[in-house]
Amino acid sequence: MRRVLAVIAMLWLGLSAALAQEAQLADPTLEQRARDLSREIRCVVCQSQSVADSDADIARELRVLIREQIAAGKSDQDIRDYLVARYGDFVLFDPPFKASTYVLWIGPFAVLVCAAIGVVIFFRRRAQEPARVRELNPDEQNRVARLLRDKADGTEGGA
Amino acid sequence: MRRLVFLLPILIVAVLVAAFWRGLDPNRDPSALPSALVGKPAPAIDLPGLAAGAPRLDLAAFKGKLVAVNFFASWCLPCRAEHAFLKQLNAEFGVPVIGIAWKDKPDASRAFLAELGDPYAATGADESGRTGIDFGITGVPETFLVDGNGIVRYRLAGPVTPEGLRNVLAPAIAEAKR
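Quick caveat: nothing in here was measured; it's all calculated off a predicted structure.

## Considering the overall build of chain A
Reasoning step 1: Counting secondary structure elements, chain A contains 6 helices and 0 strands.
Reasoning step 2: Its helices and strands in sequence order give chain A the pattern α-α-α-α-α-α, from N to C terminus.
Reasoning step 3: The buried share among the 159 residues of chain A stands at 26%.
Reasoning step 4: Within chain A, counting contacts between residues at least 6 apart in sequence, those at least 24 apart form 47% of the total.
Reasoning step 5: With the model as given, the accessible surface of chain A reaches about 11,500 Å², and the carbon-plus-sulfur share is 62%.

## Side note on the overall build of chain B
Reasoning step 1: From N to C terminus, chain B includes 5 helices and 7 strands.
Reasoning step 2: For chain B, the C-alpha radius of gyration of 20 Å lies well beyond 16 Å, the compact-globule estimate for 178 residues.
Reasoning step 3: The principal-axis extents of the C-alpha atoms in chain B amount to approximately 80 × 30 × 30 Å.
Reasoning step 4: For chain B, the proportion of its 178 residues judged to be buried stands at 44%.
Reasoning step 5: Within chain B, contacts between residues separated by at least 24 positions form 73% of all contacts whose residues are at least 6 apart in sequence.
Reasoning step 6: Of the side chains in chain B, 19 bear a positive and 17 a negative charge, and the two mean positions are spaced by 9 Å.

## Some remarks on the sheet that holds strand 5 (residues 122–126) of chain B
All names here are of chain B.
Reasoning step 1: Across the sheet, 5 strands lie side by side as 5-4-3-6-7; this open sheet has mixed pairing. Looking at strand neighbours, the two that pair on one side only are strand 5 and strand 7 (152–157), the edges of this open sheet. Put simply, the sheet's adjacent strands are angled 20 degrees from each other on average, direction ignored.
Reasoning step 2: Of the pairings in the sheet, the one linking strand 3 (residues 67–72) to strand 4 (residues 97–102) comprises 5 bridges and is parallel in character. Along strand 4, the bridge assignment pairs Phe72 with Ala101.
Reasoning step 3: Against the sheet, helix 2 (residues 77–93) makes contact with strand 3, strand 4 and strand 6 (142–146), and its axis sits at roughly 165 degrees relative to strand 3, the strand it touches most.

## Brief notes about the interface of chain A and chain B
You'll often see interface size given as the accessible area lost when the parts meet.
Reasoning step 1: Taken together, the contact pairs 18 residues of chain A with 14 residues of chain B.
Reasoning step 2: When chain A packs against chain B, the two sides together hide about 1,400 Å² of surface, and 54% of this comes from carbon and sulfur.
Reasoning step 3: It is A:Glu61, A:Arg86 and A:Tyr87 that lose the most area in chain A upon contact with chain B, and together they represent 39% of the buried surface on that side.
Reasoning step 4: One can count 4 salt bridges joining chain A with chain B.
Reasoning step 5: In this structure, the salt-bridge partner of B:Asp134 is A:Arg86, at a minimum N-O distance of 3.0 Å.

## A closer look at the confidence of the model for chain B
Reasoning step 1: Across chain B, the average pLDDT comes to 89, with 97% of residues at 70 or higher.
Reasoning step 2: Both scores are given for the predicted complex: the pTM is 0.71, the ipTM 0.75.

## Side note on the pairing of strand 7 of chain B
Residues and elements named next belong to chain B.
Reasoning step 1: Two strands pair when backbone bridges link them, and strand 6 and strand 7 are joined in this way by 5 bridges, in the antiparallel orientation. Note that in strand 7 the partner of Leu145 across the bridge is Tyr154.
Reasoning step 2: The hairpin formed by strand 6 and strand 7 contains 5 residues between the paired strands, and Gly150 there has a positive phi angle of roughly 80 degrees.

## Quick look at the packing of helix 3 (residues 57–71) of chain A against helix 4 (residues 76–87) of chain A
Residues and elements named next belong to chain A.
Reasoning step 1: Contact geometry for helix 3 and helix 4: axes closest at 10 Å, N-to-C directions at 140 degrees. For the pair helix 3 and helix 4, the sense of crossing is right-handed. Across the interface between the two elements, Ile58, Leu62, Leu65, Ile66, Gln69 and Ile70 of helix 3 pack against Ile79, Tyr82, Leu83 and Tyr87 of helix 4.

## Observations regarding the nonpolar core
Reasoning step 1: With 67 residues, the main nonpolar core has B:Val69 and B:Phe71 as its most contacted residues.
Reasoning step 2: Setting aside chain neighbours within four positions, we find B:Val69 in contact with B:Ile45, B:Leu59, B:Ile98, B:Ile100, B:Glu142, B:Thr143, B:Phe144 and B:Val146.

## Some points on a nonpolar patch on the surface
Reasoning step 1: On the surface, a nonpolar cluster with roughly 650 Å² of combined accessible area is contributed by B:Leu8, B:Leu11, B:Ile12, B:Leu16, B:Phe20 and B:Leu24.
Reasoning step 2: Tracing the sequence through the fold places B:Leu24 in helix 1 (residues 2–24).

## Notes on helix 2 (residues 28–39) of chain A
All names here are of chain A.
Reasoning step 1: Its 12 residues give helix 2 an end-to-end C-alpha distance of 17 Å, which sits within 8% of 16 Å, the value for a rise of 1.5 Å per residue.
Reasoning step 2: For helix 2, the set of buried residues is Glu31, Ala34, Arg35, Leu37 and Ser38. When helix 2 is viewed along its axis, its buried side chains cluster within an angular range of 165 degrees and face the same direction.

## A word on the pattern of salt bridges
Reasoning step 1: Under the definition given, this model contains 16 salt bridges over all chains.
Reasoning step 2: Measuring nitrogen to oxygen at the nearest pair gives 3.6 Å for the salt bridge that ties A:Asp36 to A:Arg39. Of this pair, A:Asp36 and A:Arg39 both sit in helix 2, 3 residues apart, which is roughly one turn of the helix.
Reasoning step 3: Owing to a relative accessible area of 39%, A:Asp36 belongs among the partly exposed residues under this scheme.
Reasoning step 4: Using a relative accessible area of 38% as the deciding quantity, one classes A:Arg39 as partly exposed.
Reasoning step 5: Notably, a salt bridge pairs A:Arg80 with A:Glu40, separated by 2.7 Å at the nearest N-O pair. Taken together, the residues span a long stretch of sequence, with A:Arg80 in helix 4 and A:Glu40 in the loop between helix 2 and helix 3 at a distance of 40 residues.
Reasoning step 6: Using a relative accessible area of 17% as the deciding quantity, one classes A:Arg80 as buried.
Reasoning step 7: Within this structure, A:Glu61, A:Glu68, B:Lys103 and B:Arg130 form a network of salt bridges that share partners.

Each value, and the rule that gives it
Residues numbered from 1 in each chain as written. Chains lettered and ligands numbered in written order. Predicted model: local features only at pLDDT ≥ 70, side-chain atom pairs only at ≥ 80, totals over all residues. Heavy atoms only, no water. Helix = DSSP H or I, 4+ residues; strand = E, 2+ residues; numbered from the N terminus. Buried < 20%, exposed > 50% of the residue type's maximum accessible area, 1.4 Å probe, protein only. Contact = heavy atoms within 4.5 Å. Areas by Shrake-Rupley, 256 points an atom, 1.4 Å probe, with all protein chains shown as cover. Rg over C-alpha atoms; globule rule 2.2 N^0.38 Å. Lys, Arg positive; Asp, Glu negative; His and termini not counted. Charge placed at Lys NZ, Arg CZ, Asp CG, Glu CD. Pairing = 2+ DSSP bridges. Axes fitted to C-alpha atoms, helices over the stretch in contact; angles between N-to-C directions. Buried area = accessible area lost by both parts, 1.4 Å probe. Salt bridge = Lys/Arg side-chain N within 4 Å of Asp/Glu carboxyl O. pLDDT = per-residue confidence, 0-100. Left-handed = near helix turned anticlockwise from the far one by under 90°. Core = buried A, V, L, I, M, F, W, Y, C linked by side-chain atoms within 4.5 Å. Patch = residues over 30% accessible without salt bridge, like charges linked within 9 Å, V, L, I, M, F, W, Y side chains within 5 Å. Expected span 1.5 Å × (residues − 1). Arc of directions from axis to C-beta.

The following block contains the structure:
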């Protein structure tokens, strides 16, 4: 456990060092905003990393751009809009809820609801099942009688 | 109604088959992104000219003509591979190509063009890479078709290949010229 923590700490330090190499904003609150924003922008090359985590050229470029725009007094939303206009909703790790992303947001829940309905139907049916036990027809009754008689005689099966 | 319930599994399987079929398509690139710019006005280009003594590169100067805007860099290997086909884009389809050296030292870009030949109608140096970001590029090479009204009609992420030229760019050019 200790070793795991040590490794995590080292990785964390390494990451901070990577970020620290770039020119930072003098104001720590602005710098924090830049870092928070970098974390919610997706790197367009290495698609499952955020711009903050990625070492790709374009990610570095976007981090610099975010800092510049924050320094220029732009709001976080302005910067998001700026990037979305160029790269589409895809750059946001938290895409907006709108017509083109409904499937993305609702899809998993729709699947869950369908599955739940299926399970409910299945169990309902099974609960009703015993009420529908069928009477044996004369043929079957004869077979049962024969089997019971054979068993009473102590002989096995016998057709 | 009962019969419909029996059809349901078949329907579900059909949907899954369609999804897997699409997923297994060897021509599909799962990392390809739709361009946010297609159908919208191209971002302004105003860059220092790349060639010695060249005027500033301004996209507005090409208004009224279908042009291809090609981002390249001397450090980019696929750019070297696509270079010959850029000439073809101009010679065969009559589309002038504007070259933008993206995040490259102008000296290096000039040497690159001196070595391989210059297929471009005009060139600009985007040393900061900001014009590339305005176009929403994810790397080099990327090529955009910009029509006479300054609207982006097509984006090709990755190198121009003979097949791409024939199967993808040619139809896109025909479409954009209409």
